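Spelled out from the first residue to the last, the chains are:
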Amino acid sequence: VQLVESGGGLVQPGGSLRLSCAASGFTFSRYNMRWYRQAPRKERELVAGITGAGEATYYVDSVKGRFTISRDDAKNTVSLQMNSLKPEDTAVYYCVAWRSPITHYWGQGAQVTVSS
C-alpha cells in the first residue's frame, strides 16, 4: 500500500495550494479518503473527508468554504484544494485511506506553510 502526497509548500496568507495524493496497493474505490493535519504542539485534526464514489463530504468548521476535497477513482487520486489560506492552516497534511478504525493507511505527509 502506498499513499504519496504532493503539492505542499510555502504560500502567503490569502493564497492557494492544491494537495494531491496518489494511492496504490488497495481497492481505492472501497475506501473513504481523508485529509488530516497536525500543527506543531497541536493534536492531529481531521480536516476533510470524502466517501467512496464521492457522494458525501465532510469539512471541519475552520476550513468550510475555503477547502474542497475531491477524488478520481479512475486515477486513484484524492485532492484537497485550499484557498484563502491562513497562517493557522500551517501544518503537515496527511492523506488517509479509511475503511475502519482497524483498517486505514497513511501517507508520509506534506508540509504546508502559510506565512508572509
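Residues numbered from 1 in each chain as written. Predicted model: local features only at pLDDT ≥ 70, side-chain atom pairs only at ≥ 80, totals over all residues. Heavy atoms only, no water.

S.K.: An account of the packing of aromatic side chains is needed here, citing residue identities and associated values.
M.R.: Geometry of an aromatic ring pair is reported as the spacing of the ring centres plus the angle between the planes. The final tally for this structure, using the stated rule, is 6 aromatic pairs. Plain terms: the ring middles of Phe-26 and Phe-28 are 6.3 Å apart, the flat faces sit at 45 degrees to each other, and that makes the pair tilted. When the ring of Tyr-94 is compared with that of Trp-106, the centres are 6.0 Å apart and the planes differ by 65 degrees; the resulting orientation is edge-to-face. On the criterion of sequence distance, the pair formed by Tyr-94 in strand β9 (residues 91-98) and Trp-106 in strand β10 (residues 104-106) is long-range, its members being 12 residues apart. Residue class for Trp-106 comes out partly exposed when judged on its relative accessible area of 30%. Among the aromatic residues, ring-to-ring pairing joins Phe-26, Phe-28, Tyr-31 and Tyr-105 into one connected group. The lysine or arginine in question, Arg-44, covers the ring of Tyr-94, its NZ or CZ lying 5.6 Å from the ring centre. (Phe/Tyr/Trp six-rings, centres within 6.5 Å; stacked < 30°, edge-to-face > 60°. Helix = DSSP H or I, 4+ residues; strand = E, 2+ residues; numbered from the N terminus. Buried < 20%, exposed > 50% of the residue type's maximum accessible area, 1.4 Å probe, protein only. Lys NZ or Arg CZ within 6 Å of the ring centre and 35° of its normal.)

S.K.: Tell me about the sheet that holds strand β1 (residues 2-6), residues and numbers included.
M.R.: Pairing in this open sheet of 4 strands is antiparallel, and the strands run β1-β3-β8-β7 from one edge to the other. Since the sheet does not close on itself, it has two edges, and those belong to β1 and β7 (67-72), each with one partner. On average, adjacent strands in this sheet sit at an angle of 15 degrees to one another, irrespective of strand direction. The sheet contact formed by β7 and strand β8 (residues 77-82) spans 6 bridges and is antiparallel. Along β8, the bridge assignment pairs Arg-71 with Val-78. (Pairing = 2+ DSSP bridges. Axes fitted to C-alpha atoms, helices over the stretch in contact; angles between N-to-C directions.)

By themselves, these observations are geometric and do not establish any function.
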